[in-house]
Amino acid sequence: MIDVKRVSFTYPNGTEALREVSIRVRDGEFLAVMGQNGAGKTTLVKLFNGLLKPTSGKVLVDNVNTKDTSVAKLARSVGFVFQNPDNQLFCETVEEEISFALRNFGFDESRVKRRVTWALNLLGLNEYRKTSPFMLSGGERKRVALASVLAWDPKVVVMDEPTIGQDHRQKEKLRQFIIQLNSQGKTVVIVTHDVEFVAECAPRIVLMSSGRIVAEGSSKEILTDPETLTKASIVVPQITQVFMGLADLGFQFDVIDLLSAKKLLSERLIKK
Amino acid sequence: MSFFDGLKFRRVDSAVHLMDPRVKFFYVFAIFAVAILFYELLPLIILFFVQIPFVILARVQREWIRSLRGAVFLAAVIFGTNLLFKFIYGGYSLAPSDLEHASAMTLRFLVLVESFSIFFLTTSPDHLGLALEQSHIPYEFCFAFTTAVRFVPVLAEEAQTIMDAQKARGLELEKGNFLKRIRNYIPILIPLIISAIRRSLELAEAMESRAWGAIQKRTNFYVLMLRKADYSMIIISILILVMGIYIRFNVPIPSFSP
Ligand SMILES: Nc1ncnc2c1ncn2[C@@H]1O[C@H](COP(=O)(O)OP(=O)(O)OP(=O)(O)O)[C@@H](O)[C@H]1O
Ligand SMILES: [Mg+2]
């Protein structure tokens, strides 16, 4: 469990990125942090594994204050996938890239081998095992980065903007993948602007604006509330917009995903 | 990366910031020359403190201290190697004068860092490019130089992100012996270098697509001119230089160690 208690964070140059933020991420939860550019989303999740320490307030990861321990120790249970994979890739082969963290955490060689194979298969990267990560496409590099974190099986996986630069098919795969991880009991936190993506995943949402949390709740509650969304410069998902337009025909408009939209519409059509 | 922070320009309204970069460069040169002339501790101490009024005048104390703090590691290496060589060549023993010598060499380094940091902290990249251009250096070189300077903070920021990304994968930079610690930086340097190369290629493409170099003769909106403060700075620098040379050749320098 990650417990953020009245945390403020100011960067050395004086930018106040977080102001008195409190939030709790429970074990096994699926959480999306949304909000406009510069809202403080990345700053918030960097507190989760101790990359940033609060200026005031405290962050507890499984009841350990992040101030009292090292990033390397926290990283063992809180995996963090950065937005840009090029910030971390440096090895000659994908395989070594994935092993890097495992060796840092002191896994023995046979375990490293097993975990690497497992992670490669999980993300469909097996054919690239011996390829240089720099030869891969942007989307593939992102998957390598993700594999390199999942390999050590952290309890919590934090992903900063996982959908950026991914085509529709990869996004869909990523979505199923995230849902699968979550249903296997992993805590998943994603930071994103992608409303449609969030609408399809239906996690709990934390909405941020200028360093504060402006709303918190289920996807259905938040994404069908245009007023709240506007505060964080986010628009209602397109499906919801359609259903809001259909409200005078007696449609409910708390619909955010394709599946239920399809169901509602076909029910109506069959009735006719 | 605090060392780079200590060289990052920040706009401040001060007399030092307004000075002509060429004049400030001359000042750095004067300090540099005098620092090289002396290997005794006392004059280097004086040289170190002589510069502090400029730092205060420019109101960049905080950044300046940060740049010095960033130089501490290298300073320690210089101190260590100097002592080591004195130790080996001095027949495996150390005299107090050796300690003084090592301190002087370290202080010389710090004096250089100090003057460079004053220069970079108070000179905007634009100003610097202008100064180069007005010194009749071909524009291509001026541009390359200012771009390089401009990229330092960008690279520093990127290095910070990369460090974070690797720390999040369990990399511990401060772990292990000296060699291991240097090796720890490989996962940071490789992504940094690759992204710098990629960035420079992108920059070249962007410049070409915006018709860089289409006009042979460039003119400038701003033209640098020497002001009163510039003349005082020139005089101070000449004084430092002349006094340094005079003292070097005519005045015996007292030593701290017997
Ligand atoms: N390293 C830094 N130094 C100084 N200020 C920073 C730094 N990183 C971020 N900031 C500032 O802190 C604020 C919050 O930034 P943050 O990166 O957390 O936003 P974000 O919500 O992730 O935005 P985005 O959607 O663009 O990724 C912004 O105003 C930003 O300019
Ligand atoms: Mg961000």
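Our structure's up above, just so we're on the same page.
Rules of the game
- Residues numbered from 1 in each chain as written.
- Chains lettered and ligands numbered in written order.
- Predicted model: local features only at pLDDT ≥ 70, side-chain atom pairs only at ≥ 80, totals over all residues.
- Heavy atoms only, no water.
- Helix = DSSP H or I, 4+ residues; strand = E, 2+ residues; numbered from the N terminus.
- Buried < 20%, exposed > 50% of the residue type's maximum accessible area, 1.4 Å probe, protein only.
- Contact = heavy atoms within 4.5 Å.
- Areas by Shrake-Rupley, 256 points an atom, 1.4 Å probe, with all protein chains shown as cover.
- Lys, Arg positive; Asp, Glu negative; His and termini not counted.
- Charge placed at Lys NZ, Arg CZ, Asp CG, Glu CD.
- Patch = residues over 30% accessible without salt bridge, like charges linked within 9 Å, V, L, I, M, F, W, Y side chains within 5 Å.
- Salt bridge = Lys/Arg side-chain N within 4 Å of Asp/Glu carboxyl O.
- Buried area = accessible area lost by both parts, 1.4 Å probe.
- Nonpolar A, V, L, I, M, F, W, Y, C, P; charged D, E, K, R; others polar.
- Pairing = 2+ DSSP bridges.
- Axes fitted to C-alpha atoms, helices over the stretch in contact; angles between N-to-C directions.
- Parallel < 35°, antiparallel > 145°, perpendicular 65-115°, else oblique.
- Left-handed = near helix turned anticlockwise from the far one by under 90°.
- Expected span 1.5 Å × (residues − 1).

A. Looking closely at the overall build of chain B. Per the secondary structure count, chain B includes twelve helices and zero strands. Along the chain direction, N to C, the helices and strands of chain B fall in the order α-α-α-α-α-α-α-α-α-α-α-α. Each principal axis of the C-alpha atoms in chain B carries an extent, and together these give about 65 × 55 × 30 Å. By residue count, 37% of the 258 residues in chain B fall in the buried class. Of the contacts made within chain B by residues no fewer than 6 positions apart, 79% connect residues no fewer than 24 positions apart. By element, 70% of the accessible surface of chain B is carried by carbon and sulfur atoms, the whole surface being about 15,300 Å². Averaging the positions of the 26 positive and the 20 negative side-chain charges in chain B gives two centres separated by 2 Å.

B. Quick peek at unusual backbone geometry. Residues and elements named next belong to chain A. Non-glycine residue asparagine 63 carries a positive phi angle of around 65°. With respect to the helices and strands, the residue asparagine 63 is situated in the loop between β4 (56-61) and β5 (64-65). Of note, the phi angle at serine 210 is positive, near 35°, even though the residue is not glycine. Topologically, serine 210 is positioned in the loop between β9 (204-209) and β10 (212-218).

C. Broad picture of a nonpolar patch on the surface. Residues and elements named next belong to chain B. Side chains of Leu84, Phe85, Phe87, Ile88, Tyr89, Tyr92 and Leu94 sit close together on the surface and give an oily, nonpolar patch of about 780 Å² of accessible area. Among the secondary structure elements, phenylalanine 87 is positioned in helix α6 (residues 61-89). On the basis of relative accessibility, which here comes to 31%, the residue phenylalanine 87 falls in the partly exposed class.

D. Quick look at the interface of chain A and chain B. Counting from both sides, the interface comprises 23 residues of chain A and, opposite them, 18 residues of chain B. For the pair chain A and chain B, the summed buried surface comes to about 1,800 Å²; carbon and sulfur atoms form 59% of the total. The largest share of the area that chain A buries against chain B comes from Asn87(A), Phe90(A) and Phe100(A), three residues that together contribute 29% of it. Across the chain A-chain B interface, the total number found is three salt bridges. Note that Glu97(A) and Arg169(B) form a salt bridge whose closest N and O atoms lie 3.0 Å from each other. Broken down by secondary-structure element, the contributors of at least two residues to the side of chain A that touches chain B are α2 (71-77), α3 (94-104) and α5 (138-150) of chain A. The biggest single contributor to the side of chain A that touches chain B is α3(A), with four residues. Here the side of chain A that touches chain B is composed, by residue class, of 13 nonpolar, six polar and four charged.

E. Region of interest: the sheet that holds β5(A). Residue and element names in this part refer to chain A. A sheet is described by the order of its strands in space; here four strands give the open sequence β2-β1-β4-β5, paired in antiparallel fashion. On the outer flanks of this sheet lie β2 (16-25) and β5, each paired with one strand and no other. Pairing analysis gives five bridges linking strand β1 (residues 2-10) to β4, with the strands arranged antiparallel. Across the sheet, isoleucine 2 pairs through a bridge with valine 61, a residue of β4. Taken strand by strand, helix α1 (residues 41-48) contacts β1, β2 and β4, and its axis lies near 55° from that of β2.

F. Quick peek at the packing of helix α4 (residues 41-50) of chain B against helix α7 (residues 96-122) of chain B. Residues and elements named next belong to chain B. Taken N-terminus to C-terminus, the directions of α4 and α7 make an angle of 25°; their axes are 9 Å apart at the nearest point. Classified by the angle between their axes, α4 and α7 sit roughly parallel to one another. Pair α4 / α7 crosses with left-handed handedness. Touching Leu41, Leu44, Ile45, Leu47 and Phe48 of α4 are Glu100, Ser103, Ala104, Leu107, Arg108, Leu110, Val111 and Glu114, all from α7. Within the contact of α4 with α7, the residues separate by chemical class into nine nonpolar, one polar and three charged.

G. Representation of helix α12 (residues 228-250) of chain B within the structure. Residues and elements named next belong to chain B. Counted at 1.5 Å a residue, the expected span for α12 with its 23 residues is 33 Å, and the 32 Å between its end C-alpha atoms agrees. All buried positions along α12 are accounted for by Asp230, Met233, Ser237, Ile240, Leu241, Gly244 and Arg248. The inward-facing, buried residues of α12 contact α3 (21-37), α4 and α5 (52-58).

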